[in-house]
Amino acid sequence: MDLVAKVERHIREERLLQEGEMIVVAVSGGPDSATLLHILCLLSEKWRWNLVVAHVDHRFRGEESEREARFVERWAESLGLPCEIGKIDVPAHMASSGKNAQVAARELRYAFLHRVAEQYGAQAIALAHHADDQAETMLMRLIQGTGPSGLVGIPVRRVEKKVELIRPLLRIYKSEIMQYCAERRLDYCVDSSNLERKYFRNRVRLDLMPQLQKLNPRIALSLNRLAEAMRAEDDYLAREADRVFAQIVTTSESACRFEKADFLKLHLALQRRLLRRVFGFVAGEPNPGDFTRIELIRSAVTREHPPNLSLDLGGGLRLTREYGTVTLRRERKAEPAAFDYPVADVPFALAIPEAGADVSFALLNGEA
């Protein structure tokens with residue numbers, strides 16, 4: 001099947017886009033995003049899409065980055081498409097946030113793409129991640145440690161800030177992309193940083209994947225199938241956890257409460273999912289703790305003795321079990337109390353803001 005038709009079928013099957021939508025296309029200038037933009041342009045007449053090109057200059061590679069920005073700008077102009085170029089200061093964000101280069105760059109890049117989407121009233125942001133990116137992500141997560149939810153890999157679509165992030169090439173392999181560029185004679189840029197082994201992903205791509213391909217030439221396909229299977233199972237368990245949460249958990253603004261007897265009736269997998277759901281609700285975190293923390297909580301809930309317990313989970317969270325009732329709550333920080341501190345023979349008022357409370361001394365005749 002022709003690659004354009006293959007991508008269009010994927011868009012239809014996953015309902016990634018609708019007719020007449022405004023789409024921000026993230027274009028780095030490399031072969032992946034060049035292929036994405038070219039295919040969406042070919043399909044846009046049929047689907048009546050309005051496209052806007054968005055490119056980010058991370059200022060990591062000096063003149064090379066500037067050349068890529070000019071290349072994307074000229075190409076968009078030749079296609080008659082609006083183009084937005086974002087220049088982001090990754091080193092400054094790293095210094096202020098303490099995050100590494102890749103995380104800092106990703107945060108600023110997505111923030112820029114969302115600004116462009118808001119500016120143009122776009123319903124979707126199209127990203128050029130492909131099947132080999134998916135395979136690498138699966139390996140990275142396995143190496144670093146992950147659970148079933150991590151094995152869903154890169155999502156083909158997700159909503160962020162009321163805009164769909166979509167990946168029309170996620171079932172397309174790099175070899176197909178390179179062949180498409182050759183057949184269509186598409187120009188593209190080569191990012192020299194993709195060869196730097198200081199980045200974890202590059203070491204997986206350049207060193208680990210070739211070794212695994214010697215053991216299984218279809219390793220990338222196997223990892224993509226695993227992600228596909230885990231995505232469906234993860235979605236099922238997530239829905240079951242939501243159903244059980246609504247059935248047995250009582251919530252307040254800062255706490256969740258349920259009965260131990262109801263919890264023990266659940267399958268082990270659903271117990272863990274429910275605890276992640278409860279922890280996430282109380283902590284207000286999208287990623288509610290690792291396996292070790294969840295198992296600590298589960299053990300505290302299910303053990304027989306002692307009948308009553310109180311467990312500090314850190315971060316202002318506390319688990320209590322009073323006979324058959326389990327409560328996970330977020331504790332409020334105690335306000336520092338005002339206090340008097342006697343100081344003799346000082347004929348004026350003294351304020352000490354560093355003490356963490358309003359501390360003042362009304363001093364008269366040597367008495368506090």
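For the structure itself, look to the data block above.
Here is a short report on the structure shown in this document. Counting from 1, residues in each chain are numbered in the order their sequence is written. The predicted nature of this model means local features are confined to residues of pLDDT at least 70 and side-chain atom pairs, given and counted, to a pLDDT of 80 or more, with totals for whole chains, interfaces and linings taken over all residues. Calculated side-chain values reflect all of the structure's heavy atoms, with hydrogen atoms and water omitted.

1. Here we look at the pairing of strand E5 (residues 157-160)
Two strands pair if DSSP finds at least two bridges between them. Runs of E in the DSSP output that reach at least two residues are strands. Runs of H or I that reach at least four are helices, and both are numbered from the N terminus. Across 4 bridges, E5 lies against strand E6 (residues 163-166) in antiparallel orientation. Bridging from a neighbouring strand, Arg157 pairs with Ile166 of E6. What sits between the antiparallel neighbours E5 and E6 is a turn of 2 residues, in which Lys161 has the positive phi angle 55°.

2. Observations regarding helix H12 (residues 291-302)
Structural remark: α-helix, 3.6 residues per turn; residues separated by three or four positions point the same way. By this rule, a helix spans an expected 1.5 Å times one less than how many residues it contains. In a regular helix each residue adds 1.5 Å, so 12 residues correspond to 16 Å; H12 covers 16 Å between its end C-alpha atoms and thus fits that length. Taken together, the buried positions of H12 are Ile294, Glu295, Ile297, Arg298, Ala300 and Val301. Any two residues whose heavy atoms approach within 4.5 Å at even a single point are treated as in contact. Those residues of H12 that are buried lie in contact with strand E8 (255-259), helix H10 (260-264), helix H11 (268-283), strand E9 (308-314), strand E10 (317-322) and strand E11 (325-330). A simple rule labels every residue: compare its accessible area, found with a 1.4 Å probe on the protein chains alone, to the largest value its type can have, and call it buried under 20%, exposed over 50%, or partly exposed in between.

3. Section: the packing of aromatic side chains
Between 30 and 60 degrees the pair is tilted, below 30 it is stacked and above 60 it is edge-to-face, where a pair is any two Phe, Tyr or Trp rings, Trp via its six-membered ring, whose centres lie within 6.5 Å. Applying the stated criterion to the full structure yields 4 aromatic pairs. Summarising the aromatic geometry, the rings of Phe245 and Phe281 are spaced 5.9 Å apart at their centres and angled 50° between planes, so their arrangement reads as tilted. Taken together, the positions of Phe245 in helix H9 (residues 219-248) and Phe281 in helix H11 put the pair 36 residues apart, joining distant regions of the chain. For Phe281, a relative accessible area of 33% gives the class partly exposed. Positioned over the ring face of Tyr110 is Arg106, at 4.2 Å from the centre of the ring. Whether a charge sits over a ring comes down to the Lys NZ or Arg CZ being within 6 Å of the ring centre and within 35 degrees of the ring normal. For the cation-ring pair, Arg277 lies above Phe245, with the distance from its terminal atom to the ring centre recorded as 4.1 Å.

4. Let's talk about the sheet that holds strand E7 (residues 250-251)
With respect to topology, 5 strands assemble into an open sheet ordered E7-E8-E11-E10-E9, the strand pairing being antiparallel. Each edge of the open sheet carries a strand with a single partner, namely E7 and E9. Geometry is summarised by axes, namely lines fitted to C-alpha atoms with helices restricted to the contacting stretch, and by angles between N-to-C directions that run from 0 to 180 degrees. Against the sheet, H12 contacts E8, E9, E10 and E11, and its axis sits at roughly 170° relative to E9.

5. A few points about the nonpolar core
Grouped burial of nonpolar side chains is what soluble globular proteins tend to show. Only buried residues count toward a nonpolar core, which is a set of Ala, Val, Leu, Ile, Met, Phe, Trp, Tyr and Cys residues joined through side-chain atoms within 4.5 Å. Membership of the largest hydrophobic core comes to 38 residues, with the highest contact counts inside it found for Ile11, Leu17, Val25, Leu40 and Trp49. Every element with two or more residues in this core is listed here: helix H1 (3-14), strand E1 (22-26), helix H2 (31-47), strand E2 (50-57), helix H3 (63-78), strand E4 (124-126) and helix H7 (174-184). Top element by residues in this core is H2. It accounts for 7 residues. Core analysis: the next-biggest nonpolar cluster, separate from the first, contains 25 residues, Phe263, Leu270, Ala300 and Val326 among them.

6. Examining the side chain of Asp32
Turning to its location among the elements, Asp32 is positioned in helix H2. Its relative accessible area of 16% is what places Asp32 among the buried residues. In terms of polar contacts, Asp32 uses its side chain to reach the side chain of His130, at 3.3 Å. Side-chain atoms alone can form a polar contact between residues adjacent in sequence; in general such a contact is a pair of N or O atoms within 3.5 Å, and within protein one must be able to donate a hydrogen while the other accepts it.

7. A short note on the sheet that holds E4
By way of backbone hydrogen bonds, the strands of a sheet pair with one another, either parallel or antiparallel. The strand order across the open sheet built from 6 strands is E3-E2-E1-E4-E6-E5, with neighbouring strands paired in mixed fashion. Here the strands that pair on one side only, and so sit at the sheet edges, are strand E3 (83-87) and E5. Strand after strand, the sheet turns through a mean of 25° between neighbouring axes, direction not considered. By the bridge criterion, 3 bridges tie E4 to E6 in an arrangement that is parallel. Each residue of the ladder has a partner; that of Ala124, found in E6, is Glu164.

8. Considering the packing of H2 against H7
For the pair H2 and H7, the least separation of the axes is 10 Å and the interaxial angle reads 65°. Here H2 and H7 pass one another in a crossing that is left-handed. Between H2 and H7, the residues in contact are Pro31, Asp32, Thr35, His38, Ile39 and Leu42 and Lys174, Ile177, Met178, Tyr180, Cys181 and Arg184, respectively. Ten residues, namely Ala, Val, Leu, Ile, Met, Phe, Trp, Tyr, Cys and Pro, are considered nonpolar, four, namely Asp, Glu, Lys and Arg, are considered charged, and the remaining ones, Gly among them, are considered polar. Considered class by class, the residues forming the contact of H2 with H7 number 7 nonpolar, 2 polar and 3 charged. Each crossing gets its handedness from the near helix: less than a right angle anticlockwise from the far helix is left-handed, clockwise is right-handed.

9. Some points on the pattern of salt bridges
Basic side-chain nitrogens of Lys or Arg form a salt bridge, by our definition, when they fall within 4 Å of a carboxyl oxygen of Asp or Glu. Under the counting rule described, the total for this entry stands at 28 salt bridges. When the shortest N-O distance is used, the salt bridge between Arg158 and Glu160 registers 2.7 Å. By relative accessible area, which is 25% here, Arg158 ends up partly exposed. The partner of Arg318 in a salt bridge is Glu331, and the shortest N-O contact between them spans 3.0 Å. One end of the pair, Arg318, is in strand E10; the other, Glu331, is in the segment after E11, and 13 residues separate them in sequence. Overlapping salt bridges bring together Arg9, Glu13, Glu14, Arg171, Glu228 and Arg231 as one network.

10. Here we look at a nonpolar patch on the surface
Residues Met178, Tyr188 and Val190 make up a contiguous nonpolar surface patch of roughly 260 Å² in combined accessible area. Looking at the element boundaries, Met178 is found in helix H7. According to the relative accessible area criterion, Met178 is partly exposed, its value standing at 30%. Only residues above 30% relative accessible area that lack a salt bridge enter a patch, with like-charged residues linked at up to 9 Å and the nonpolar side chains Val, Leu, Ile, Met, Phe, Trp and Tyr linked at up to 5 Å. Note on areas: Shrake-Rupley, 1.4 Å probe, and residue coverage restricted to the protein chains presented here.

11. A few points about the side chain of Glu295
Within the secondary structure layout, Glu295 lies in helix H12. In terms of polar contacts, Glu295 uses its side chain to reach the side chain of Arg298, at 3.2 Å.

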